[in-house]
Amino acid sequence: MAKEKMTPSIDPAACYVLDIADMMGISTAFSRAADHKPCTIGNGQSGICCKNCYMGPCRITKDGQVGICGATLETIAARNLARAIAAGAAAHSDHGRDLAFTLDAVAKGEAQGYEVRDVAKLLAVAAKHGIPTKDRDLNEITQDIATKAISEFGQQRGELSYVATAPEQRQKIWRELKVAPRGIDREVVEILHRTHVGDDQDASHIMMAAVRTALSDGWGGSMWATDISDILFGTPSPVVGQVNLGVLKDDEVNIIVHGHEPTLSEMIVTAVQDPELIEYAHNKGANGINLSGICCTANEIMMRQGIPSAGNFLHQELALLTGAVEAMVVDVQCIMQALPSVAEHFHTEIITTSPKVKIKGATHIEFDEHHAMDIAKQIVRRAIDNYPNRGKTDIPQIRENMVPGFSHEYIAYMQGGMYRASFRPLNDAIAAGRIRGVAAVVGCNNPGTTQDKVHMDIIAEFLKNDVLVVSTGCGAIAAGKYGYLLGEAGKEKVGAGLREVCEAIGIPPVLHMGSCVDNSRILTVLTQMATEGGLGDDVSDIPAVGLAPEWMSEKALSIATYCVASGAYIIMGVRSPVAFSEELNRLMSEDWEAQMGGKLEFVPDAAEVVRHSLEHIDKKRAALKLAPYEPKRHGASGDVPLEAYFELPLEQQMAELYG
Ligand code: SF4
Ligand code: SF4
């Protein structure tokens, strides 16, 4: 049967460039996905496949069938899912490890161009891990934090130190279930061991180990990554940025940084401002150097430096199709192997930089934090040298302003200032019903669904229903593209109660909280809401949901699992990787809810996702004995027209709000 034609994207910039791809006969992830016939057994829709030994592979396509070794459908489904969760946890955490190594090099005075930019965060992180700070040299504290972080990857016994920062009730649940994570590497290795042929063969037991591994990501590797990034590059606070392909410039050298790690991209941010390199660009006929980002590298440098984002995951090939990119500099994760073959139609050079990632057809310039600035300048110079090779360009003039940078520290600060920073006003607004609940809408793009559509349909409904939305990763970039990361979004799209809160505090109705590893910031927000009081004692008491409606990466599975284990209701879109196993789906939903207060479900349809979410939020409100949500009860107090404010230039709006 012919595949039904799907609209590739709701983003006009993406559609514009996809027409160029069609005209030039260049394939993209969109066209490849349209032509692709996925194996329905491999993706869990009509069966399950096990490749864990060479007696197989074994395909299980009906209930009761077993593999050659006797493995059942549930065991195989659990093993496959556990391995995917471990791969996601490994990717996030290895990123955290590299940041810890950079911090270690900073403490030793060996990291060219890096320094501790956020001393307050350094001291806060030290306090969290019991590292003394009084009368100590900053370098010594930095060294102790780096040593502690590095040690937690190889730790063999005991709990990771972030476990003690979770709500007390949550820690108790983890200890009772024996899922409090030990060393980060140990948990990943143990999943590989347990899922080897002839090992753990009880689906629920395998999945509990997967929970512990995911927790070593959320409350380990990712949390370290976020905290160390803040120490090195500054804790984010709101800045003005721009997003979409229209941020590329026709008359300047365009460099795009893509991937996940802020270490090299932060150095490139500095290098492109070097007067010598700017002069060099002028000598080559360009009016300047224009840096932008894709995926989570974009989030990292936008929320700290205001560097624009050329788009989310599915924009990586599209940016090249404008013909205006001199160099795309990639590091790790979410980088398509197709990039060099798209680039070869243009003058663009793809530059790989991580010792862990090489792509055939790309130039490899290996990053080393000991010589970071030299390497960054070498890359920028190379891009400038490529500018005269540029041919015809076609950049869609579509971009949107956005205000990212809502770290948990800033969210607390904005609710009480320097002396009364807290989550009390947010909790009170939820208790009063001005805000019905909170939703984290995060995660990837997936060409199996119309780009950004499910994200936007869900966000639009939540805002109308007075649900405050926080976002990270490519979901946050999507929200930015359609204007949801601006205060103005409140004027027409937001329910009266939520609008009242947003306007009183001066925030957009969707808060951009960072990159994929920064989902750990959301855990911290939920923890602070739980410990603030008024909304129960644990994350599972809070009227909140977490969604990844267009997910595609194994990291998303790890994030979902550690959020469930932290007490959240998580819904993922697209389709279930274990759809064929009713038992496993029930285990992750009903059993996990009974054991951990959180549950994981897979629901592709946006309207259904909203329905499930609002039901859950209202159920939690009722359990807390809060007044039932009434849409018309709030919104009148101080409701004066803000047109004059919104007519100010964005920079001035920011100055009015944030000083
Ligand atoms: S582990 Fe068992 S089910 Fe998997 S491939 Fe080997 S024999 Fe088949
Ligand atoms: S949200 Fe998904 S696609 Fe985007 S950078 Fe993160 S893992 Fe990659």
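Only a predicted model underlies this, so the values are computations on that prediction, with no experimental measurement involved. (Residues numbered from 1 in each chain as written. Chains lettered and ligands numbered in written order. Predicted model: local features only at pLDDT ≥ 70, side-chain atom pairs only at ≥ 80, totals over all residues. Heavy atoms only, no water.)

Engineer: Please explain the overall build of the chain as it appears in this structure.
Structural biologist: Assigned secondary structure in the chain consists of 27 helices and 16 strands. Whereas a compact globule of 659 residues would reach a radius of gyration of roughly 26 Å, the chain reaches 24 Å, a difference of no more than 12%. By its C-alpha atoms, the chain is 70 × 65 × 60 Å across when sized along the principal axes. Out of the 659 residues in the chain, the part that is buried amounts to 61%. Counted over contacts in the chain with a minimum sequence separation of 6, partners at least 24 positions apart contribute 76%. When the accessible surface of the chain is split by element, carbon and sulfur atoms take 52% of a total near 25,000 Å². Charge separation in the chain, taken as the distance between the mean sites of 60 positive and 84 negative side-chain charges, equals 4 Å. (Helix = DSSP H or I, 4+ residues; strand = E, 2+ residues; numbered from the N terminus. Rg over C-alpha atoms; globule rule 2.2 N^0.38 Å. Buried < 20%, exposed > 50% of the residue type's maximum accessible area, 1.4 Å probe, protein only. Contact = heavy atoms within 4.5 Å. Areas by Shrake-Rupley, 256 points an atom, 1.4 Å probe, with all protein chains shown as cover. Lys, Arg positive; Asp, Glu negative; His and termini not counted. Charge placed at Lys NZ, Arg CZ, Asp CG, Glu CD.)

Engineer: Which parts of the structure should I look at to understand a nonpolar patch on the surface?
Structural biologist: Together, Val 119, Leu 123 and Leu 138 give the surface a local cluster of nonpolar side chains, amounting to about 200 Å² of exposed area. Residue position: Leu 123 is located in helix α4 (residues 119–128). (Patch = residues over 30% accessible without salt bridge, like charges linked within 9 Å, V, L, I, M, F, W, Y side chains within 5 Å. Salt bridge = Lys/Arg side-chain N within 4 Å of Asp/Glu carboxyl O.)

Engineer: Which parts of the structure should I look at to understand the environment of Lys 5?
Structural biologist: Of note, Lys 5 is situated in the segment before α1 (12–24). With a relative accessible area of 80%, Lys 5 lands in the exposed category.

Engineer: Would you explain the sheet that holds strand β16 (residues 599–602) in this entry?
Structural biologist: On the basis of which strands lie adjacent, the open sheet formed by 6 strands has the order β13-β12-β11-β14-β15-β16 and parallel pairing. The open sheet has two edge strands, β13 (510–512) and β16, and neither has a second partner. On average, each strand axis in the sheet is tilted by 20 degrees relative to the strand beside it, whichever way the strands run. Examined bridge by bridge, strand β11 (residues 437–441) and strand β12 (residues 467–471) share 4 bridges and lie parallel to one another. (Pairing = 2+ DSSP bridges. Axes fitted to C-alpha atoms, helices over the stretch in contact; angles between N-to-C directions.)

Engineer: Would you take a moment to explain the site of ligand 2 for this structure?
Structural biologist: All residues in the neighbourhood of ligand 2 are listed as His 260, Cys 295, Cys 296, Phe 313, Cys 334, Gly 443, Cys 444, Cys 474, Cys 516, Met 552, Ser 553 and Lys 555. Among the cavities detected, the one that contains ligand 2 is the largest cavity. Tallied by class, residues from the shell around ligand 2 come to 8 nonpolar, 3 polar and 1 charged. (Near = heavy atom within 4 Å. 1 Å grid on protein atoms, 1.4 Å probe; cavity = no way out; pocket = protein on both sides within 12 Å on 5 of 7 lines; lining within 4 Å. Sits in = over half its atoms within 2 Å of the grid points. Nonpolar A, V, L, I, M, F, W, Y, C, P; charged D, E, K, R; others polar.)

Engineer: I would appreciate a short explanation of the pattern of salt bridges in the present structure.
Structural biologist: Any two side chains of opposite charge can pair, given that their charged atoms come close. According to the stated counting rule, one finds 47 salt bridges in the structure shown. One salt bridge in this structure joins Asp 227 and Lys 121, with 3.2 Å as the shortest N-O distance. Of the two residues, Asp 227 is situated in helix α8 (residues 203–233) and Lys 121 in helix α4; the sequence distance between them amounts to 106 residues. Among the charged side chains, a network of salt bridges with common partners joins Lys 121, Lys 128, Asp 227, Asp 230, Glu 300, Arg 304, Glu 409, Asp 518 and Arg 521.

Engineer: Teacher, can you tell me more about the site of ligand 1 here?
Structural biologist: Taken together, Cys 50, Asn 52, Cys 53, Met 55, Gly 56, Cys 58, Gly 67, Ile 68, Cys 69, Ala 71, Arg 79 and Val 197 form the complete shell of residues around ligand 1. Its atoms largely coinciding with the cavity grid, ligand 1 occupies the second largest cavity. Residues belonging to the shell around ligand 1 are distributed by class as follows: 8 nonpolar, 3 polar and 1 charged.

Engineer: Just to check I follow, could you spell out the side chain of Thr 524 for this structure?
Structural biologist: In this fold, Thr 524 is placed in helix α22 (residues 519–532). Exposure remark for Thr 524: the relative accessible area of 15% places this residue in the buried category. Reaching out from Thr 524, the side chain makes a polar contact with the backbone oxygen of Ser 520 at a distance of 3.1 Å. Residue contacts for Thr 524: discarding those within four places in its chain leaves Met 223 and His 408. (Polar contact = N/O pair within 3.5 Å; in protein donor to acceptor, adjacent residues only side chain to side chain.)

Engineer: Help me understand the pairing of strand β8 (residues 349–352) in this model?
Structural biologist: One face of the sheet, then the other: side chains in a regular strand alternate in exactly this way. The side-chain alternation of β8 yields two buried faces, one formed by Glu 349 and Ile 351 and the other by Ile 350 and Thr 352. As paired strands, strand β7 (residues 327–330) and β8 are joined by 4 bridges and run parallel to one another. Note that in β8 the partner of Val 329 across the bridge is Ile 351. Where β8 lies against strand β9 (residues 363–364), 2 bridges are found, and the strand directions are parallel. Residue pairing across strands places Thr 352 opposite His 364, the latter belonging to β9.

Engineer: Looking at this structure, how should I read empty space enclosed by the protein?
Structural biologist: Over the atoms a probe the size of a water molecule is rolled, and this reveals where empty space is left. Taken as a whole and judged by the stated rule, the model has 4 cavities of 30 Å³ or more. Considered as a void within the structure, the largest cavity measures approximately 490 Å³ in volume. Looking at the largest cavity, it is lined by 47 residues, and the ones nearest its centre are Ala 440, Val 442, Asn 519, Ile 522 and Cys 563. If you list the elements that add at least two residues to the lining of the largest cavity, you get β11, β12, α19 (473–481), α22, β14 (544–548), α23 (554–565), β15 (569–572) and α25 (606–623). Considering every element that reaches the lining of the largest cavity, the biggest residue donor is α22, with 6 residues. (Points joined across faces, edges and corners; volume = space filled by probe spheres on them.)

Engineer: I would appreciate a short explanation of the nonpolar core in the present structure.
Structural biologist: Considering soluble globular proteins, one finds that nonpolar side chains tend to be buried as a cluster. One finds Ile 145, Met 207, Ile 268, Phe 462, Met 529 and Met 572 to be the most contacted residues of the largest nonpolar core, which totals 179 residues. Counting residues per element, this core draws most heavily on α8, at 17 residues. If sequence neighbours within four positions are ignored, Ile 145 has contacts with Leu 103, Leu 122, Val 125, Ala 126, Ile 131, Trp 224 and Ile 231. Ranked by size, the runner-up nonpolar core spans 38 residues in total, among them Ala 14, Cys 334, Ile 395 and Cys 474. (Core = buried A, V, L, I, M, F, W, Y, C linked by side-chain atoms within 4.5 Å.)

Engineer: Any chance you could explain helix α6 (residues 168–177) here in plain terms?
Structural biologist: Spacing of three or four residues puts side chains on the same side of an α-helix, whose turn is 3.6 residues. Of all the positions in α6, only Arg 170, Gln 171, Ile 173 and Trp 174 are classed as buried. Buried residues of α6, seen end-on, are gathered within an arc of 160 degrees and therefore sit on one face of the element. Opposite the packed face of α6, turned more than 90 degrees from it, sit the exposed residues Glu 168, Lys 172 and Glu 176. Lining the buried residues of α6 we find α8, α23 and α24 (582–596). Remark: Lys 178 follows α6 within two positions and exhibits a positive phi of approximately 60 degrees. (Arc of directions from axis to C-beta.)

Engineer: Looking at this model, I keep getting lost on the packing of aromatic side chains. Mind explaining?
Structural biologist: For any pair of aromatic rings, geometry is given as the distance between the ring centres together with the angle between the planes. Counting across every chain of the model gives 6 aromatic pairs. Between the aromatic rings of Tyr 162 and Trp 224, the centroid separation amounts to 5.0 Å while the plane-to-plane angle is 70 degrees, which identifies the pairing as edge-to-face. One end of the pair, Tyr 162, is in the loop between α5 (138–154) and α6; the other, Trp 224, is in helix α8, with 62 residues separating them in the sequence. A ring pair is formed by Trp 174 and Trp 219, whose centres lie 5.4 Å apart and whose planes are at 70 degrees; its orientation type is edge-to-face. Here the residue Trp 174 occupies a position in helix α6, and Trp 219 occupies one in helix α8, the gap between them amounting to 45 residues. (Phe/Tyr/Trp six-rings, centres within 6.5 Å; stacked < 30°, edge-to-face > 60°.)

Geometry only, nothing functional implied.
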